[in-house]
Amino acid sequence: KIISAALAMSMAVGLLGGCSSASNTDTNTGTTDGTTQAQTEEKPQAMGRYAESSVEFPGESGDRIVDMIQLEDGSLELYIKESSGINRYLLRGGQWEKQEKSLLEELEFPYYFNITYGEDKNRHVSYHDAEEYKAHLVKLEEGQPPKELLEDIFSVKKDSGYYAVHPDFYGITADGTILMSDKDKTVAYTQDGKELFSMPQIWSSMEWRPGGFLYDDIYLTIGNNCFLKYDVKEQSGIAKEEIPYQSHSEYGDSSSPTAADRKGGFFVANADGIHHMAQGGSIWETIVDGKLNSLSMPGVYLNKLFVGNEDDFYVWVGTGENDQLKHYVYDPNMPSVPSRTLNVYGLDLSKDDTIRQAASMFQLEHPDVIVELIDGAETSGSTTVSDTIRALNTELLGGNGADILVLDGLPVDSYIDKGILADMKD
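Quick caveat, the model's predicted, so the values are computed rather than measured.

1. Let's talk about the sheet that holds strand β23 (residues 285–289)
Spatially, the four strands line up as an open sheet ordered β20-β21-β22-β23, and their pairing is antiparallel. Edge positions in the sheet fall to β20 (258–260) and β23, since each of these pairs with one other strand and no more. Averaged over all pairs of adjacent strands, the angle between their axes in this sheet comes to 20°, without regard to strand direction. Pairing between strand β21 (residues 266–270) and strand β22 (residues 273–277): five bridges, direction antiparallel.

Structural data, given as structure tokens:
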């Protein structure tokens, strides 16, 4: 009862005081009738942040999203493998419009394929065949038959008999030069296969590398714990900039999708959000906070990032069960920081994907609330579970503690006996 009374009192005080106000009392200032008056000034709450919504993909259940690209006008183009074959859609005005042709009618893909929209305003499709897993790069033009490129390069075999080249990224410059990323370098070729120069990088070991892009003459790829920025027109093979990864995870941003900002800088998307690095800058600016949306959800894989025409963003995400297109639009009327906090405590929440996902989903439904996950093992500084529980007990018996307790491993019966937990079935 004492704990309940203390909590009720603290809540009442909090409600009376307000979450964003400050009081300043001047005892020398009185009213006209001679009484004193507290001067209270409310600090304006900072407003504006990016809100998340979902754009439904076309097609039926069981259809597979194969690839998505962004065209010159900023519209998104989607390729789906449906029961009728591969179909192409354009996103215009928030609606998907099915195109008459996919431009892939004359090709067969035993596995997957990747579409590249080049600076030459042409589409290119890359894939591997079924017989010997040989790489192919095919130029697609409206009204023209598919044209194979770099056939001699892809025909080279190793001593083992396997094909030597398996690219993980392509970029096509305005004059048709082909940038082909393979292992520890990106090589520039003419359309007929003549090598021009190469740009060092680290090997991503991925079938298709999301980190990097070609925009105008800027080529971005991945280096050792950093992004490497090259100026293609110089053909020097020497990076103009080395930008440290934004993420401090084990692999940094080597698999994080990137996109040009059209001003010489670029954006990167990871579990922490969408971040911007200006041209010639050295400090990352977080534009979209991942803790307040789906980007931080466990099990979510970020496939591609696109920059819209209205300072908005699209992120193609995969969840293991289905693919989703998340849309982030700036809302000037939404508080930049949620006004309320919900604290959740557990002995080892850093490894509890279910709780982390629930927190993200709750925040999406309640944008005025931020869920703070408190990991007992980290915050207590204790090395044993018993010490961590002892530290928690001290807080709880003192009338403090989180709003929600995750009871796995905690002494439930003891908490009931001490009146910390109540039977609420009535």
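2. Regarding the sheet that holds strand β12 (residues 169–172)
Pairing in this open sheet of four strands is antiparallel, and the strands run β12-β13-β14-β15 from one edge to the other. With partners counted over all chains shown, the strands left at the sheet margins are β12 and β15 (195–200), one partner each. When the angles between neighbouring strand axes are averaged without regard to direction, this sheet yields 20°. In terms of strand pairing, β12 meets strand β13 (residues 178–182) through four bridges, oriented antiparallel. What sits directly across from isoleucine 172, in β13, is isoleucine 178.

3. Things to note about empty space enclosed by the protein
Taken as a whole, this structure holds one cavity of 30 Å³ or more when the rule is applied. As for the largest cavity, its lining consists of Tyr112, Asn114, Ser126, Tyr127, His128, Ala135, His136, Pro167, Tyr170, Glu207 and Trp208. Here the lining of the largest cavity gets three residues from one element, more than from any other, and that element is strand β9 (residues 123–128). Of the residues contributing to the lining of the largest cavity, the split by class is six nonpolar, four polar and one charged.

4. Brief notes about unusual backbone geometry
Residues other than glycine seldom take positive phi values, yet lysine 121 does so here, at roughly 70°. Locating lysine 121 in the fold gives a position in the loop between β8 (113–117) and β9. Look at lysine 121 and you get partly exposed, because its relative accessible area is 39%. Residues other than glycine seldom take positive phi values, yet serine 205 does so here, at roughly 60°. Classification of serine 205 as exposed rests on a relative accessible area of 59%.

5. Some details on the pairing of strand β18 (residues 226–231)
Counting buried residues along β18, six of its six residues qualify, which places the element largely inside the surrounding structure. A two-sided burial pattern is seen for β18, the buried positions comprising Cys226, Leu228 and Tyr230 on one face and Phe227, Lys229 and Asp231 on the other. Here five bridges tie strand β17 (residues 218–222) to β18, and the two strands are oriented antiparallel to one another. Paired with leucine 220 across the strands is lysine 229, a residue of β18. Counting the residues between successive antiparallel strands, the hairpin from β17 to β18 contains three residues, one of them, asparagine 225, with a positive phi of roughly 60°.

6. Focus on the layout of surface pockets
Roughly 790 Å³ of volume is contained in the largest pocket. Those elements that place two or more of their residues in the lining of the largest pocket are β4 (64–70), β8, β12, β16 (213–215), β20 and β24 (301–307). Examining the composition of the lining of the largest pocket, we find that five residues originate from one element, β24, more than from any other. When its residues are assigned to classes, the lining of the largest pocket shows 19 nonpolar, nine polar and seven charged.

7. Thoughts on helix α3 (residues 353–365)
Between its first and last C-alpha atoms α3 spans 19 Å; for 13 residues at 1.5 Å apiece the expected length is 18 Å, and the two agree. Within the sequence span of α3, burial applies to Ala359, Ser360 and Gln363. Taken around the axis of α3, the buried residues stretch over an arc of 95°, which confines them to a single face. Seen from the buried face of α3, the exposed residues on the opposite side, beyond 90 degrees, are Thr354 and Glu365. Against the buried residues of α3 lie β28 (369–375).

What counts, and where the lines are drawn
Residues numbered from 1 in each chain as written. Predicted model: local features only at pLDDT ≥ 70, side-chain atom pairs only at ≥ 80, totals over all residues. Heavy atoms only, no water. Pairing = 2+ DSSP bridges. Helix = DSSP H or I, 4+ residues; strand = E, 2+ residues; numbered from the N terminus. Axes fitted to C-alpha atoms, helices over the stretch in contact; angles between N-to-C directions. 1 Å grid on protein atoms, 1.4 Å probe; cavity = no way out; pocket = protein on both sides within 12 Å on 5 of 7 lines; lining within 4 Å. Points joined across faces, edges and corners; volume = space filled by probe spheres on them. Nonpolar A, V, L, I, M, F, W, Y, C, P; charged D, E, K, R; others polar. Buried < 20%, exposed > 50% of the residue type's maximum accessible area, 1.4 Å probe, protein only. Expected span 1.5 Å × (residues − 1). Arc of directions from axis to C-beta. Contact = heavy atoms within 4.5 Å.

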